[in-house]
Amino acid sequence: MKPYRKPEIREWVEAGFCAWLCTALLNLSWIYTGENGLAFSTNSGLMPSICLFVLLWLMFALIGRIRPASSGKVLMASVCLYSSACAAAGGNIWFIAGLAAVLFWTAQYLSNKSEKQNLAKTGDFYGDKRLVYAAGLLFFIFVGGVTALRYMTFASPNFDFGIFSQMFERMKTTGLPITTCERNRQLSHFAVHISPVFYLMLPFYLLFPHPIALQLMQAAALALGILPLYGLCRYNQLSKKACTAVCFCYVLHPALAGGCFYDMHENFFLTPFLLCLLLSAEKKQYAKMALFTVLVLLVKEDAAVYTAFTGLYLLASGREKKPGALMAAASVIYFLLAVTLLDRFGEGVMIGRYQNFLAGGQNFGSILKTVFMNPGYTLAQCLQADRIGYLLIMALPLACLPFMGRKPSEYLLLGPFVLMNLMPDYEYQHSIDFQYNFGVLALLFYLFIRRLSQCKEDVRGKLLKISLTVSCLMFLFAHADRLSYVGRWMDHRQQYRVMEEALERIPKEASVAASGFLTPHLYMHEELYEETAGIKTDYVALDLRGTDAKAVEVYEQKGYRCVIYEEGSIAVLAYAPDDNQNSGKSAP
């Protein structure tokens, strides 16, 4: 029989800390009600909380005395659960950084306490490649599920998902990327962006011809990016356990999922293609390098920026001088050709997003002139308050390692980040909630892996702990509220069903003008416009959620008659200037 061991003061403190966090966690009604700060403290009962705290304190102290090995697990679980709840409830980037520091301190404290006694036993489990596949699958389920629910709850707008939904339907029937709701006239989408890569998705769309299939393809392609990422880790001689940690950092980086929640865009191809390109370069597989260079260029006209800087990096580092020079040169030539085609035959390049650099004219020369003549101004534009917050969100989940390269050549891979995300005054390009981060993420993760491979094993382990901790917290902070789409669908599914049925009653051959959130659901119509364009069409579909019926009355005065009216949901009107009698329920 073991002699009685009186708990040490440290064990009492640990148990009390766990009890405090668990009590606070159970009291966190403000997560759901929005009540926080002094209001929460004022309205919460103190005595019940004190009684709960004392009870939990005694229970955790008893657990620590009976099973000392479990005390560390209880402490880590308490800190993780409370930090996750706080991150999910909201805050700001500094709040998340503080939570991450507490989590890392806890992990470091327990690591020193246990002297790594259990690491050898858990190494095989954490190095299991099935964990990597599970991470990719969970990413696909979460992102694919949320984006599908966005469509099902009529939360996907015309710009840009209505455009792509109609475009793919026209590609299915004609083979051409024609839209009418992008510029309110019949137009090839390639007149706006040169993106032949969409044809890679067409075979899958032919099998499953529905807009939700586009959302799922995006989620699947990004989840598959985990495979070349794992290959890069192994090629750089990271342990299996470290490879698994990097892959979890990838799927938990808030910008990867965040870029999907404004629906599907061709930019998502950049992440897996660039990772495959970098892996091919590492392995000196020149045919694959050429293939993935072409695939990246086919994503969009500005994708040449990523391959150009990648080629310059390979050239400057001395690793692949000739292939790097060829890649950079081909990228510049392709970019100039694409820009010329858009200027002469299309809608022109969207250079207005660099309005803060266009001092001498609407052209790229003006941007180069501004940068050359006043580098201080360029730096000031990159370090605006909103850019700094964005920079921290991108860098902290990677422990800032991509920005601490030892070799000057590695900083060339940060060129697209500066050029595409920090310099423009177009607010969406420095936000994790839009599609402009996919290419940069591939380059940042490559630099992350390179820096980890240069670290000693113990330092690498600590850096990966920091990265995983921050990634988890920031993912919860950025995306926990996305699950609200589930509740929205469950609460209002009957309303959405009524709206779908109303739109299905519009003849497929008819031209339609519709509210922005209705256009993705009218993708089968060849003539489809946003209702705000003022184009006369056979039918008008109005989204009445959160609005009154005044818009219906306006269209009735223009010669339309209301054929379907569901108060608070939807109205469908048909053009009939000589018929003043409504065949359906009239608007009040």
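All figures in this text were calculated on a predicted structure; none of them were measured in a lab.

1. Comments concerning the overall build of the protein chain
- Looking only at helices and strands, the protein chain features 26 helices and seven strands.
- In the protein chain, once contacts between residues fewer than 6 apart in sequence are set aside, the share between residues at least 24 apart is 70%.
- Accessible surface, the protein chain as shown: approximately 27,700 Å² in total, 63% of it carbon and sulfur.

2. Section: empty space enclosed by the protein
- Enumeration according to the criterion identifies two cavities of 30 Å³ or more in this entry.
- One number sums up the size of the largest cavity: a volume of about 100 Å³.
- What lines the largest cavity is simply E11, E14, A15, C18, F60, A61, I63, G64, S71 and V74.
- Where the lining of the largest cavity is concerned, the elements lending two or more residues are helix 1 (9-26), helix 4 (46-66) and helix 5 (68-89).
- Considered class by class, the residues forming the lining of the largest cavity number six nonpolar, two polar and two charged.
- By volume, the second largest cavity is sized at about 60 Å³.
- Lining of the second largest cavity is provided by N267, L270, V299, K300, D302, A303, Y306, M420, Q429 and Y436.
- Among the residues making up the lining of the second largest cavity, the classes are represented as six nonpolar, two polar and two charged.

3. Concerning the packing of aromatic side chains
- Under the definition given, this model contains 26 aromatic pairs.
- Joined through ring pairs, the aromatic side chains of Y262, Y426, Y428, F434 and Y436 make up one cluster.
- The ring centre of Y555 lies 5.0 Å from the NZ or CZ of K558, which sits over that ring.

4. Things to note about the packing of helix 17 (residues 304-317) against helix 22 (residues 415-422)
- Where helix 17 contacts helix 22, the two axes come as close as 9 Å, and the packing angle between them is 155 degrees. What the angle tells us is that helix 17 and helix 22 run roughly antiparallel. Crossing handedness for the pair helix 17 and helix 22: right-handed. Side by side, helix 17 and helix 22 meet where V305, Y306 and F309 of the first sit next to G415, P416, L419 and M420 of the second.
- Taken together, the residues of the contact of helix 17 with helix 22 sort by class into six nonpolar, one polar and no charged.

5. So, the side chain of R482
- Tracing the sequence through the fold places R482 in the loop between helix 24 (457-479) and helix 25 (484-504).
- In this structure, R482 is in contact with F142, V146, F261 and D433, ignoring residues within four places of it in sequence.

6. Describing a negative patch on the surface
- A contiguous patch of negative charge, built from E509, E526, E527 and D538, is present on the exposed surface.
- Residue placement: E509 occurs in the loop between helix 25 and strand 3 (512-514).
- E509 gets classed as exposed once you look at its relative accessible area, which sits at 69%.

7. Concerning the pairing of strand 5 (residues 539-543)
- Here strand 5 lies mainly inside the structure; five of its five residues are buried.
- Where burial is concerned, the two faces of strand 5 agree: the one with Y539, A541 and D543 and the one with V540 and L542 are both buried.
- Bridging between strand 3 and strand 5 involves three bridges; their strand directions are parallel. The residue bridging A514 from the neighbouring strand is A541, located in strand 5.
- Here strand 5 pairs with strand 7 (residues 570-575) via five bridges, running antiparallel. Bridge pairing in strand 7 places V540 opposite L573.

8. Things to note about the packing of helix 15 (residues 270-282) against helix 23 (residues 438-453)
- Contact geometry of helix 15 with helix 23 gives a least axis separation of 7 Å together with a crossing angle of 35 degrees. Pair helix 15 / helix 23 crosses with right-handed handedness. Contacts between helix 15 and helix 23 involve L270, T271, L274, L275, L278 and E282 from the first element and F438, G439, A442, L443, Y446 and R450 from the second.
- Tallied by class, residues from the contact of helix 15 with helix 23 come to eight nonpolar, two polar and two charged.

9. Side note on the layout of surface pockets
- Here the second largest pocket is characterised by a volume of approximately 790 Å³.
- Looking at the second largest pocket, it is lined by 28 residues, and the ones nearest its centre are V305, F335, Y354, F364 and L419.
- Listed by contribution, the elements that provide at least two residues to the lining of the second largest pocket are helix 17, helix 18 (321-345), helix 19 (364-373) and helix 22.

10. Focus on the state of the cysteines
- On inspection of all chains with the given rule, the structure shows zero disulfides.
- Free of any disulfide, C249 has its nearest cysteine sulfur in C472, 7.9 Å distant.
- Assessed through its relative accessible area of 1%, C249 is described here as buried.

11. Thoughts on the sheet that holds strand 5
- Read from one edge of the open sheet, five strands run 4-3-5-7-6, paired in mixed fashion. Each edge of the open sheet is held by one strand with a lone partner, namely strand 4 (528-530) and strand 6 (560-566). The average angle at which neighbouring strand axes cross in this sheet is 20 degrees, direction not considered.
- Where strand 6 lies against strand 7, six bridges are found, and the strand directions are antiparallel. The residue of strand 7 that forms the bridge with I564 is V572.
- Along the sheet face, helix 26 (residues 550-557) touches strand 5, strand 6 and strand 7 and points at about 155 degrees away from the line of strand 6.

12. Regarding the nonpolar core
- The biggest cluster of nonpolar side chains holds 149 residues, and the ones touching the most others in it are F168, M201, V246, M264, M394, F445 and I506.
- In terms of residue count, the dominant contributor to this core is helix 23 (twelve residues).
- Non-local contacts of F445, meaning those with residues more than four positions away in its chain, are made with L229, V246, C249, Y250, H253 and L398.
- Within the second largest apolar cluster, twelve residues are counted, among which are A513, L544, Y555 and L573.

13. Quick word on the confidence of the model for the protein chain
- Confidence in the prediction for the protein chain averages 87 pLDDT; 90% of positions are at 70 or higher.
- Ignoring residues within four places in sequence, the model shows residues 30-36, a span with pLDDT below 50, making eight contacts including any to other chains.
- Of the regions scoring below 50 in pLDDT, residues 115-123 engages in three contacts with residues more than four places distant in sequence or in other chains.

14. Notes on helix 18
- The end-to-end C-alpha distance of helix 18, which contains 25 residues, comes to 36 Å, matching closely the 36 Å that a straight helix rising 1.5 Å per residue would cover.
- Within the span of helix 18, buried status applies to G324, M327, A328, S331, Y334, F335, A338, V339 and L342.
- Tucked inside the fold, the buried residues of helix 18 contact helix 15, helix 16 (286-297), helix 17 and helix 19.

Parameters at a glance
Residues numbered from 1 in each chain as written. Predicted model: local features only at pLDDT ≥ 70, side-chain atom pairs only at ≥ 80, totals over all residues. Heavy atoms only, no water. Helix = DSSP H or I, 4+ residues; strand = E, 2+ residues; numbered from the N terminus. Contact = heavy atoms within 4.5 Å. Areas by Shrake-Rupley, 256 points an atom, 1.4 Å probe, with all protein chains shown as cover. 1 Å grid on protein atoms, 1.4 Å probe; cavity = no way out; pocket = protein on both sides within 12 Å on 5 of 7 lines; lining within 4 Å. Points joined across faces, edges and corners; volume = space filled by probe spheres on them. Nonpolar A, V, L, I, M, F, W, Y, C, P; charged D, E, K, R; others polar. Phe/Tyr/Trp six-rings, centres within 6.5 Å; stacked < 30°, edge-to-face > 60°. Lys NZ or Arg CZ within 6 Å of the ring centre and 35° of its normal. Axes fitted to C-alpha atoms, helices over the stretch in contact; angles between N-to-C directions. Parallel < 35°, antiparallel > 145°, perpendicular 65-115°, else oblique. Left-handed = near helix turned anticlockwise from the far one by under 90°. Patch = residues over 30% accessible without salt bridge, like charges linked within 9 Å, V, L, I, M, F, W, Y side chains within 5 Å. Salt bridge = Lys/Arg side-chain N within 4 Å of Asp/Glu carboxyl O. Lys, Arg positive; Asp, Glu negative; His and termini not counted. Charge placed at Lys NZ, Arg CZ, Asp CG, Glu CD. Buried < 20%, exposed > 50% of the residue type's maximum accessible area, 1.4 Å probe, protein only. Pairing = 2+ DSSP bridges. Disulfide = S-S within 2.5 Å. Core = buried A, V, L, I, M, F, W, Y, C linked by side-chain atoms within 4.5 Å. pLDDT = per-residue confidence, 0-100. Expected span 1.5 Å × (residues − 1).

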